[in-house]
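# Fold and contact review
Here are the chains, one letter per residue:
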Amino acid sequence: MSVAPALRCENLSRWYGEVQGLAGLTVTIEHGIVGLLGPNGSGKSTLMRLLTGQIKANRGWVEIYGQRIVPGTYEIFRRVGHAPGEDVHFETDRAVDFLRFMAALGGDSTSQAKDRAEKALDRVGMLVKAGVKLNAMSKGMRQRIKIAQALLFEPDLLLLDEPLNGMDPVSRRSTMNLVREWAGLGRTVIMASHVLHEVEGVTDRMLMLHHGRLLAEGRLTEIRELIDMKPRRASIRGENLRVLAAELLAQELVIGLDFGADGLLNLDTRNLPALLDRLQEAGIHGQIHSLEIDDQELEMVYDLLVGGSAR
Amino acid sequence: MAFRAAEYERYKGERTNRPAWVPIAFGTVQRGWKSKWVRRLSMLSLALGFGLVAMMYMVNQVMPSWREIAEQATNRATQGSGLKVDAGFYLILTNVFVRPILLPLALLFGYDLIASDMRTNALEAYFARPVTPLGYLTGRTLAFVSFLMLATFGPFFLVWFADIATSPSEAHTDLIRFVPISLFFALLFISFTLALMVQAVTSLTRSAIWSNLIFVVIFLFLSAMGMVLFQITDRPNMMAFSFLSDAKVICATLLGIDLADGGSPTNVSPAIAFSMMVGISIISFLIILRGLKRRSLV
């Protein structure tokens, strides 16, 4: 394994006409798993395409394992595996044919391509589906085929663009395990997602993009602390909610509350875990019938980091 | 269905440095062959070739001097411009294979070749593999041209081979000795131009329907326009707008036939016909490469 960092970007910028895809990204990733977080249009896929040489940077540069990507670069991409975000329907119909074709493109002979395709299918648990046509597969299964394609040549740098989209819970867990295993072998994985807890499931390190700019870089635990400081909202339905609300105010577990339509009680808190403990007690006694917690963590992080003005 | 875990062994197979256009070319041929109408048209073309060979063989068994008989008979019927089995005979045969076979086959084979890759994001996967735009285009075009050549030059070669094998004299053999080489290069040039043009149009439209409509305009409307302009201006070079006219002139020129000698003044000059084809090829190549390079750095 090379001692050079897996990835270095310096002032990396890309425009699509007047639209800014990525603006001045400067980052170094040594190894391990890094989550690339951002909402749609934040520049995640643009970065992935820049890293795989599919588009050219308007400004700045990228180095992969110490080799700068310039027109004509070829060999370094042999160390990179990429599962694109978009669904891809290839000319070959069956999963194994598609992977064989992709292996052949990468330089395998016919027999090697077959072996390699079967290995990759086995790796993602899809060997039994090798003969199934891609258009007959669910989105989650096609996602796994795309990941198998990215793993074909056992890349040192694995780029996964929204890999968990459309996957069922079991496949999601398996994919997360696979990503951790891959990084455990000393390789580097960059996993793009717009869902915070997906990234949180595989790594603590993240890059956060917003409108093409690097908004934050660091540990998710720090982000988590920020989230926990931010008021969160829980909404409950049940019986004797006025009594419960008064009690929560007295215990300073909530900083604000209001009654919505249909008897819904909205509670704002800075200490969600303590509030949930208390609500759980009330739930045990049958006082609470339903509980909903806002699931806008990523949006909340953006609000915190950009002062609520950027979106 | 769980993923395989740590017992997985890393695949040890060595990767070759074989250029990526090779599997692209094989993939293109396989893709073309999947089309029912491509198969039918190719088979029809080859069957026509075998049919002509069988006919020549049988006629030769019954009348070894059928060439002279045919020439004399047609001479009488046409008052001097009879059918002679020489390079001109093969030029007439191009009407059988170029117009009804080559053009439809090029459309059927190529109308969605690059367009579908663009629509379905397959280019993203190719270029991340990585395949260079030039490698991609080389693979696609080589396969495309090979297929067109098989369906057009293949039957010509069969007929020529049968003609040579049953040649009645050394003089006849000399007359047709260089026909396959001439036709090979003529059809190669035409197929190459056609393959690039079809791919350029599909890469612009990214739609099978629009591509076909544009080809109707190119092959029919422009041919008609060339004819009308010729009628109005009385300048044969106006026929350069007609792809078929250009193709015919190129075949004739490489076969060593001067079309003006046959009293046919409606033909464009060879220099202009070649220039048109070269121009179409260069413009098409640049259009495709521009479209592909916008999607790739490597």
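See the structure above.
Residues numbered from 1 in each chain as written. Chains lettered and ligands numbered in written order. Predicted model: local features only at pLDDT ≥ 70, side-chain atom pairs only at ≥ 80, totals over all residues. Heavy atoms only, no water.

### Topic: the overall build of chain B
Across its full length, chain B holds 12 helices and 0 strands. Order of helices (α) and strands (β) in chain B, N terminus to C terminus: α-α-α-α-α-α-α-α-α-α-α-α. Restricting the contact set of chain B to residue pairs at least 6 apart, pairs at least 24 apart contribute 74%. Per element, the accessible surface of chain B, about 14,400 Å² overall, is 68% carbon and sulfur. (Helix = DSSP H or I, 4+ residues; strand = E, 2+ residues; numbered from the N terminus. Contact = heavy atoms within 4.5 Å. Areas by Shrake-Rupley, 256 points an atom, 1.4 Å probe, with all protein chains shown as cover.)

### Considering the packing of helix α9 (residues 179-205) of chain B against helix α11 (residues 243-254) of chain B
Residue and element names in this part refer to chain B. The geometry of α9 relative to α11 is characterised by a closest axis approach of 8 Å and an angle of 155° between their N-to-C directions. With respect to α11, the element α9 is oriented roughly antiparallel. The crossing of α9 and α11 is right-handed. Facing S182, F185, A186, F189, I190, T193, L194 and M197 of α9, the residues of α11 in contact are F243, A247, I250, C251 and L254. (Axes fitted to C-alpha atoms, helices over the stretch in contact; angles between N-to-C directions. Parallel < 35°, antiparallel > 145°, perpendicular 65-115°, else oblique. Left-handed = near helix turned anticlockwise from the far one by under 90°.)

### Examining the packing of aromatic side chains
Where two aromatic rings form a pair, the distance of their centres and the angle of their planes describe that pair. Enumeration over the complete set of coordinates arrives at 13 aromatic pairs over all chains. Seen in terms of ring centroids, F153 of chain B and F157 of chain B are 6.0 Å apart; in terms of plane orientation they differ by 45°. Their pairing is tilted. In this pair, F153 of chain B and F157 of chain B both sit in helix α7 (residues 133-165), 4 residues apart, roughly one turn of the helix. According to the relative accessible area criterion, F157 of chain B is partly exposed, its value standing at 37%. Each member of the aromatic cluster is reached from another via a ring pair, and the members are F153, F157, W160, F161, F184 and F185 of chain B. Residue placement shows R242 of chain A over the ring face of F259 of chain A; its charged tip is 4.6 Å from the ring centre. (Phe/Tyr/Trp six-rings, centres within 6.5 Å; stacked < 30°, edge-to-face > 60°. Buried < 20%, exposed > 50% of the residue type's maximum accessible area, 1.4 Å probe, protein only. Lys NZ or Arg CZ within 6 Å of the ring centre and 35° of its normal.)

### Concerning the pairing of strand β7 (residues 157-161) of chain A
Residue and element names in this part refer to chain A. In terms of burial, β7 is a largely internal element, 5 of the 5 residues being buried. Of the two faces of β7, the one lined by L157, L159 and D161 and the one lined by L158 and L160 are each fully buried. Pairing between strand β6 (residues 80-83) and β7: 4 bridges, direction parallel. Bridging across to β7, G81 finds its partner in L158. In this sheet, strand β8 (residues 188-193) lies alongside β7 in parallel orientation, the contact comprising 5 bridges. Counted as the bridge partner of L160 is M191 from β8. Taking the sense of rotation as the criterion, the β-α-β connection linking β7, helix α5 (residues 169-184) and β8 turns out right-handed. (Pairing = 2+ DSSP bridges. Right-handed = clockwise from strand over helix to strand, strands pointing away.)

By themselves these figures say nothing about function.
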